[in-house]
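Okay, here's what each chain looks like letter by letter:
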Amino acid sequence: MQATLFISAEAMTTVNAIKDLDYYSRVSLSDEPETDLTTAPGYFINTNALHIAELPAGAEVAIHLTPVDQATYRQHVSMPANLRGVIFSGAPNLPPDYAEVISYWSPLVPTMHHRSAVYFQNEMNSYCVHLVDPDDAGETCVVGDADHAGDFLISDGLVVTITGLAAMVADLKPDLFVSLSIPINLSMLGIELEGYRSTDGYATDPAPQIETLYLRIADILASPDPKHIAISAIRTELSDYGYTY
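All of the points below concern the structure found in this document.

1. Describing the side chain of serine 155
So, step 1. Tracing the backbone through its elements, the reader meets serine 155 in strand 6 (residues 153-155).
So, step 2. Classification of serine 155 by relative accessible area gives buried; the value is 1%.
So, step 3. Look past the residues within four positions of serine 155 in its chain and what remains in contact with it is Leu83, Gly85, Val86, Ile87, Tyr98, Ile102, Leu108 and Ser232.

Take a look at the structure:
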């Protein structure tokens, strides 16, 4: 089972405009102001891991988790440095049942550009991954194929965790929504990935650019652990470039 994450109509327009483009076609859009989508809502949504749908017209949002309300936001929302970027299933410092939780909210769809991801593991969660050569091509890889190896790639995006939400929604109608706004920190998510791959924290302060996801309360309550939600919500500018030296 996988949860659906909802986005605004404007964000869906951006997602549909770039979802089928390769890296070079997508970044070339920013060459001209009239086609530049880099600041449009939806641009950094991690569509390679999220099941996305447009927020229904008339949807009622019961709870807003936004950086504007820093006290509430920091109490419930975080972007842990040890969960950011390339994480494999056997990583030594993962929360309980992490693979199950994140696969409910954002199961990664492996692609060919993940073939060398093992060499770019999060340094706080790196380990000796069991590599395989499934097609005898002389090229070892792990791309999330549990049929070939015990180790598999579970996420490579900016992971957002939410705690304490179950109690907040327990008495609410299941068809209501919780909005989750995520500040976009271009110093980490742009084409220079030193910060992204570092142990530095991700800034949760209000930012000029944000992405907003809407979580249906029914999906929250049906999740493996409603008290601890983990979503690989945001991609980097180089997410579809491939892992190369």
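Picking up after the structure, the text goes on.
2. So, the pattern of salt bridges
So, step 1. Tallied over the full model, the rule gives six salt bridges.
So, step 2. Between aspartate 20 and lysine 19 there is a salt bridge; the shortest N-O distance is 3.1 Å.
So, step 3. In this structure, the salt-bridge partner of aspartate 240 is arginine 26, at a minimum N-O distance of 2.5 Å. Within this pair, whereas aspartate 240 is found in the segment after strand 10 (228-234), its partner arginine 26 is found in helix 2 (residues 23-28), the two being separated by 214 residues in sequence.
So, step 4. According to the relative accessible area criterion, aspartate 240 is partly exposed, its value standing at 26%.
So, step 5. Take arginine 26: its relative accessible area is 3%, and that puts it in the buried class.
So, step 6. Through salt bridges that share partners, Arg26, Arg235, Glu237 and Asp240 make up one connected network.

3. Structural notes on the layout of surface pockets
So, step 1. For the largest pocket, the calculated volume is near 440 Å³.
So, step 2. Lining of the largest pocket is provided by 28 residues; of these, Phe120, Leu193, Arg197, Leu238 and Tyr243 occupy positions nearest its centre.
So, step 3. Counted by class, the lining of the largest pocket contains 11 nonpolar, 10 polar and seven charged residues.
So, step 4. There is about 370 Å³ of room inside the second largest pocket.
So, step 5. Forming the walls of the second largest pocket are 21 residues, and the residues nearest its centre are Lys19, Thr47, Arg235, Ser239 and Asp240.
So, step 6. Elements with a minimum of two residues in the lining of the second largest pocket: helix 1 (9-18) and helix 2.
So, step 7. Tallying contributions element by element places helix 2 first for the lining of the second largest pocket, with three residues.
So, step 8. Residue composition of the lining of the second largest pocket, grouped by class: seven nonpolar, eight polar and six charged.

4. Focus on a negative patch on the surface
So, step 1. Taken together, the side chains of Asp31, Glu32, Glu34 and Asp36 present a region of like negative charge at the surface.
So, step 2. Within the secondary structure layout, aspartate 36 lies in the loop between helix 2 and strand 2 (52-54).
So, step 3. By relative accessible area, aspartate 36 is classed as partly exposed at 30%.

5. Re the nonpolar core
So, step 1. Core analysis: the biggest nonpolar cluster contains 53 residues, and Leu65, Trp105, Leu180, Ile182, Leu213, Leu215 and Ile231 have the highest contact counts within it.
So, step 2. Leaving out residues up to four positions away in the same chain, tryptophan 105 has contacts with Ala3, Leu5, Ala49, Leu50, Leu215, Asp219, Ile220, Ser223, Ile229, Ala230 and Ile231.
So, step 3. Residues Val86, Phe88, Leu108 and Tyr243 belong to the second largest nonpolar core, which totals nine residues.

Conventions and cut-offs
- Residues numbered from 1 in each chain as written.
- Predicted model: local features only at pLDDT ≥ 70, side-chain atom pairs only at ≥ 80, totals over all residues.
- Heavy atoms only, no water.
- Helix = DSSP H or I, 4+ residues; strand = E, 2+ residues; numbered from the N terminus.
- Buried < 20%, exposed > 50% of the residue type's maximum accessible area, 1.4 Å probe, protein only.
- Contact = heavy atoms within 4.5 Å.
- Salt bridge = Lys/Arg side-chain N within 4 Å of Asp/Glu carboxyl O.
- 1 Å grid on protein atoms, 1.4 Å probe; cavity = no way out; pocket = protein on both sides within 12 Å on 5 of 7 lines; lining within 4 Å.
- Points joined across faces, edges and corners; volume = space filled by probe spheres on them.
- Nonpolar A, V, L, I, M, F, W, Y, C, P; charged D, E, K, R; others polar.
- Patch = residues over 30% accessible without salt bridge, like charges linked within 9 Å, V, L, I, M, F, W, Y side chains within 5 Å.
- Areas by Shrake-Rupley, 256 points an atom, 1.4 Å probe, with all protein chains shown as cover.
- Lys, Arg positive; Asp, Glu negative; His and termini not counted.
- Charge placed at Lys NZ, Arg CZ, Asp CG, Glu CD.
- Core = buried A, V, L, I, M, F, W, Y, C linked by side-chain atoms within 4.5 Å.

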